[in-house]
Amino acid sequence: MLKPDPADPIVITGMGVVSPLGVGVETVWTRLLQGRSGIVRNSRFDTTEFVSHIAGLVPSKESDPAGFDPAAYIDGKDIKKMDVFIQYAIAAAAEALQQAAWYPESYEDQAATATIIGSGVGGSPAMARAVETIRTKGPRRLSPFTVPSFLANLAAGWLSIIHKFRGPIGTPVTACAASAQAIGDGMRLLLTGEADVAVVGGAEGSVDPISIGGFGASRALSTSYSDNPAKASRPFDKAHDGFVLAEGAAVLVLEKLSHAKARGAKPLAVLAGYGTSADAYHLTAGSPDGAGAQEAMRQAIAMAGIEQTEIGYVNAHATSTEVGDSAEIAALAAVFTGRGQDLSVSSTKSATGHMLGAAGAIEAVFCVKALQTGTLPPTINLENPTEDAAQFDLVPNQPRAKNIKFAISNSFGFGGVNAALIVGMAPSHAD
């Protein structure tokens, strides 16, 4: 197992977010602590014939001062060449790179910068539009940019081109664990010396008929809260009835502490551990005991070189499904033996919805903010917790003041993929 050098750990020096709660880390964090929800009626297409009528939509600049305007980040002639998940990735990366102040000019620095941006689905809205164009107008009316607009790796590709990042480039397409694995892949590249800086994260823009229809057909989506969307995502609550599909992106900048100090960058947190595993169990459901999730968390703890008792907060994958939430609680109980209300566990998907391949990255950002501020984000809509989940402090409905040394973020996906990340406080001497 690769392990970070305690004297020269991997640190996070930049973060950026585009989400249903708005654009920008500080705005999104503030709204998260206020208990606001980004879940609204789905206005992207006519949902009359669909079982789900809600989604976590990134607000536009016209509807929200902290909303998204692609023209603020992308040349007008390029906007139409990319599906929305790419646009979100570009915006999130712009914020992260600005905070990290990483704009490599020399070929050596460019070649030492990796770009790893995961996506669970890629540009399914562009695929849906292409199918409609073929059906109504014929294939000759397709844009030559149709394929590059929807390929999942083109978020990383565009970032590499825009910023001249010439190092390793990749795109985990591992469903809802994609961006957590992207962060882990970037960590490995730094540990092996294949890169000095890694720009990592995930992007998703799949609020479209294919995704809503497909997840609806599998009975995975919430369908009972069309008239009150903000109440729909309710992890660990007995009234949960499925997840809420959401969109957005989150990007982090990683480097070793020595590299950050040499260029005067301020570490925000330490990326201490990473673990990943396969359930080898079922296409869409984890084993009831969360065996694969247990393995991922144990690997992350071992890489970090800490005891499980040192972890004070878990940002749970919990999406608001009965089977998934229960399996994760079982996994937590097995890994965090002897713990109870002293272990805080919340699911920020209660506020953002499930951002699929971008979920792990934004939840890693929330863990960093929890460490920095001594405040844990709440699980909103938690009114009647399930008996198994109630063994832990679920941070219900209100943020909780709590100073923690380490936090763990879980991400699990279809196909049985599991990923766990551990972040810790930034080294005090680097402040």
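Parameters and conventions
- Residues numbered from 1 in each chain as written.
- Predicted model: local features only at pLDDT ≥ 70, side-chain atom pairs only at ≥ 80, totals over all residues.
- Heavy atoms only, no water.
- Helix = DSSP H or I, 4+ residues; strand = E, 2+ residues; numbered from the N terminus.
- Rg over C-alpha atoms; globule rule 2.2 N^0.38 Å.
- Contact = heavy atoms within 4.5 Å.
- Areas by Shrake-Rupley, 256 points an atom, 1.4 Å probe, with all protein chains shown as cover.
- Lys, Arg positive; Asp, Glu negative; His and termini not counted.
- Charge placed at Lys NZ, Arg CZ, Asp CG, Glu CD.
- Polar contact = N/O pair within 3.5 Å; in protein donor to acceptor, adjacent residues only side chain to side chain.
- Buried < 20%, exposed > 50% of the residue type's maximum accessible area, 1.4 Å probe, protein only.
- Pairing = 2+ DSSP bridges.
- Expected span 1.5 Å × (residues − 1).

Caption draft 1: Region of interest: the overall build of the protein chain. Each helix and strand counted, the protein chain has 14 helices and 15 strands in total. Whereas a compact globule of 431 residues would reach a radius of gyration of roughly 22 Å, the protein chain reaches 20 Å, a difference of no more than 12%. At a minimum sequence separation of 6, the contacts of the protein chain that also span at least 24 residues come to 79%. With the model as given, the accessible surface of the protein chain reaches about 16,300 Å², and the carbon-plus-sulfur share is 53%. Seen as two clouds, the 32 positive and the 41 negative side-chain charges of the protein chain have centres 5 Å apart.

Caption draft 2: Structural context of the side chain of Gln308. Residue placement: Gln308 occurs in the loop between helix H11 (291-304) and strand S10 (311-315). Of note is the side chain of Gln308, whose polar atom sits 3.0 Å from the backbone oxygen of Thr337. Gln308 has contacts with Ile301, Val335, Phe336, Thr337 and Arg339, leaving out every residue within four places of it along the chain.

Caption draft 3: Representation of the side chain of Ser411 in the model. With respect to the helices, strands and loops of the structure, Ser411 is situated in strand S14 (residues 406-413). When its relative accessible area of 1% is taken as the criterion, Ser411 is described as buried. When sequence neighbours within four positions are dropped, the list of residues in contact with Ser411 reads Cys176, Ala177, Ala180, His317, Gly360, Val417, Asn418 and Ala419.

Caption draft 4: Here's a closer look at the pairing of strand S5 (residues 113-118). Summarising burial for S5: 6 of the 6 residues are buried, a large majority. The alternating pattern of S5 places Thr113, Thr115 and Ile117 on one face and Ala114, Ile116 and Gly118 on the opposite face, and all of these are buried. Two elements, S5 and strand S6 (residues 169-170), share 2 bridges in a ladder whose sense is parallel. Within the sheet, the bridge partner assigned to Ile116 lies in S6 and is Gly170.

Caption draft 5: Representation of helix H14 (residues 359-373) within the structure. Taking 1.5 Å as the rise per residue, H14 with 15 residues should run 21 Å; its terminal C-alpha atoms sit 21 Å apart, in good agreement. Among the 15 residues that make up H14, 13 are buried, leaving the element largely enclosed by the rest of the structure. Where H14 terminates, the next one or two residues include Gly374, which has phi positive at roughly 65°.

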